[in-house]
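Listed below are the residues making up each chain.
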Amino acid sequence: MAENPMGRQRSGWRYKLYRAGRGIQRNWGLYLLLLPAVVLLFCFNYLPMYGVQIAFRDFSPSQGIQGSPWVGLANFQKFFNSFQSKNLIWNTVSLSLYSLIAGFPFPIILALMVNQIRVKRFKQVLQVVTYLPHFISTVVMVGIMLILLSPSNGIYGNLARVLGVQNPTNIMGEASAFQHVYVWSDVWQHAGWDSIIYIAALAAVDPSLYEAATVDGASKIQRLWHIDVPFLIPTAVILLIMRAGNVMNLGFEKVYLMQNPLNTSISEVISTYVYKIGMISNQYSLSAAVNLFNTVINFVLLLLVNGFSKKLGDTSLW
């Protein structure tokens, strides 16, 4: 038997490095398959972090990042002192929380419903029908919404006139309706796709548990509540933690495409603001500062929710 080069020492960074090296040597094929993903992650997620310092500089493309003067927290102060900052943060947080509260339970409910279906053909058709909207592109989805909700020639407008309303409200132009349209169209589009992971979790349930519960006289509702739901809780908690880390990140494309001068007071969120001041107004440093603030808030929320979940139970990301 080969002697362990680390002797009897079983702790410390040298032994851990030795164990890691041995693990890579034994499973080099798997690590080779992982290498392209790691390289892409490093190139597109870690190398760009060098540009984060733009948020602390008065960046000028002609001077470059290092040549631009250092201004410290001036860009952050400029954002927080602007009249738009409170409205932007409120719009982003309220829309994100609304999306989370409304959209998170629906995939779970759909998975529980699909799991109760015993007719295989009907189950397959239902799954396909609920999955398909996910593959509609954002541009096409917003175009469909504009056509359906058009007060002049859309289904909504024609139905309203049939019911006696001569001048239907322009829903897409109503600031108060923006969040509702955004959230519930998103639920309809992605609930089926998001339910896949829950259906996979339910597939791992031991059938003997259902048989034992049936013998004990448990109804379908009782089997669902005492067997299915507990199996879904760990998966739901992990996904909730991951969603919490993206609370401030809204889908830029959909929000931007749904915006118009009539609903900007509600639809203007941090992601669209960063695009407008950075790419349109060429205020690169300010846009980088606002986006960095957004990222830091997401990171803090991820840590808080993960820590809270770890204290309440054994489920956490780390």
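First, a word on scope: everything that follows refers to the structure included in this document. (Residues numbered from 1 in each chain as written. Predicted model: local features only at pLDDT ≥ 70, side-chain atom pairs only at ≥ 80, totals over all residues. Heavy atoms only, no water.)

## Things to note about the environment of Gln84
Right, so step 1: Structurally, Gln84 is set in the loop between helix H4 (74-81) and helix H5 (85-103).
Right, so step 2: Using a relative accessible area of 27% as the deciding quantity, one classes Gln84 as partly exposed.
Right, so step 3: It is 48 Å that separates the C-alpha atoms of Gln84 and Ala203, two residues lying 119 residues apart in sequence. (Helix = DSSP H or I, 4+ residues; strand = E, 2+ residues; numbered from the N terminus. Buried < 20%, exposed > 50% of the residue type's maximum accessible area, 1.4 Å probe, protein only.)

## So, unusual backbone geometry
Right, so step 1: With phi around 60°, Asn282 is a residue other than glycine that occupies positive phi space.
Right, so step 2: Mapping Asn282 onto the fold places it in the loop between helix H16 (270-280) and helix H17 (284-312).
Right, so step 3: Residue class for Asn282 comes out partly exposed when judged on its relative accessible area of 46%.

## Topic: the packing of helix H6 (residues 105-116) against helix H11 (residues 196-203)
Right, so step 1: At their nearest, the axes of H6 and H11 sit 8 Å apart, and the two run at 45° to each other. Taken as axis vectors, H6 and H11 run oblique relative to one another. The two elements H6 and H11 cross, and the hand of that crossing is right-handed. Residue-level inspection shows Pro107, Ile108, Ala111, Leu112, Val114 and Asn115 of H6 in contact with H11, the latter providing Tyr198, Ile199 and Leu202.
Right, so step 2: When its residues are assigned to classes, the contact of H6 with H11 shows eight nonpolar, one polar and no charged. (Axes fitted to C-alpha atoms, helices over the stretch in contact; angles between N-to-C directions. Parallel < 35°, antiparallel > 145°, perpendicular 65-115°, else oblique. Left-handed = near helix turned anticlockwise from the far one by under 90°. Contact = heavy atoms within 4.5 Å. Nonpolar A, V, L, I, M, F, W, Y, C, P; charged D, E, K, R; others polar.)

## Looking at the side chain of Ser185
Right, so step 1: Among the secondary structure elements, Ser185 is positioned in helix H10 (residues 175-194).
Right, so step 2: Here the side chain of Ser185 touches Lys254 through a polar contact of 2.7 Å, side chain to side chain.
Right, so step 3: Setting aside residues no more than four positions away along its own chain, Ser185 makes contact with Met141, Met145 and Lys254. (Polar contact = N/O pair within 3.5 Å; in protein donor to acceptor, adjacent residues only side chain to side chain.)

## Comments concerning the environment of Leu32
Right, so step 1: By secondary structure assignment, the location of Leu32 is in helix H2 (residues 28-46).
Right, so step 2: Among the residues examined, Leu32 registers a relative accessible area of 48% and is labelled partly exposed.
Right, so step 3: Spatially, the C-alpha atom of Leu32 lies 34 Å from that of Val247, the residues being 215 residues apart in sequence.

## Things to note about a nonpolar patch on the surface
Right, so step 1: A contiguous nonpolar surface patch, about 760 Å² in accessible area, is contributed by Met242, Val296, Phe299, Val300, Leu303, Leu304, Leu317 and Trp318.
Right, so step 2: Of note, Phe299 is situated in helix H17. (Patch = residues over 30% accessible without salt bridge, like charges linked within 9 Å, V, L, I, M, F, W, Y side chains within 5 Å. Areas by Shrake-Rupley, 256 points an atom, 1.4 Å probe, with all protein chains shown as cover. Salt bridge = Lys/Arg side-chain N within 4 Å of Asp/Glu carboxyl O.)

## Details of the packing of aromatic side chains
The way to describe two aromatic rings as a pair is by their centre distance and the angle between their planes.
Right, so step 1: Taken as a whole and assessed by the stated rule, the structure comprises 14 aromatic pairs.
Right, so step 2: A centroid spacing of 6.0 Å and a plane angle of 45° characterise the contact between Phe79 and Tyr273, whose relative ring orientation is tilted. On the criterion of sequence distance, the pair formed by Phe79 in helix H4 and Tyr273 in helix H16 is long-range, its members being 194 residues apart.
Right, so step 3: Residue class for Tyr273 comes out buried when judged on its relative accessible area of 7%.
Right, so step 4: When the centroid spacing of 6.2 Å and the interplanar angle of 50° are considered together, the rings of Phe79 and Phe293 count as tilted. Here Phe79, found in helix H4, pairs with Phe293, found in helix H17; they are 214 residues apart in sequence, far enough to count as distant. Phe293 carries the same exposure label as Phe79, and that label is buried. (Phe/Tyr/Trp six-rings, centres within 6.5 Å; stacked < 30°, edge-to-face > 60°.)

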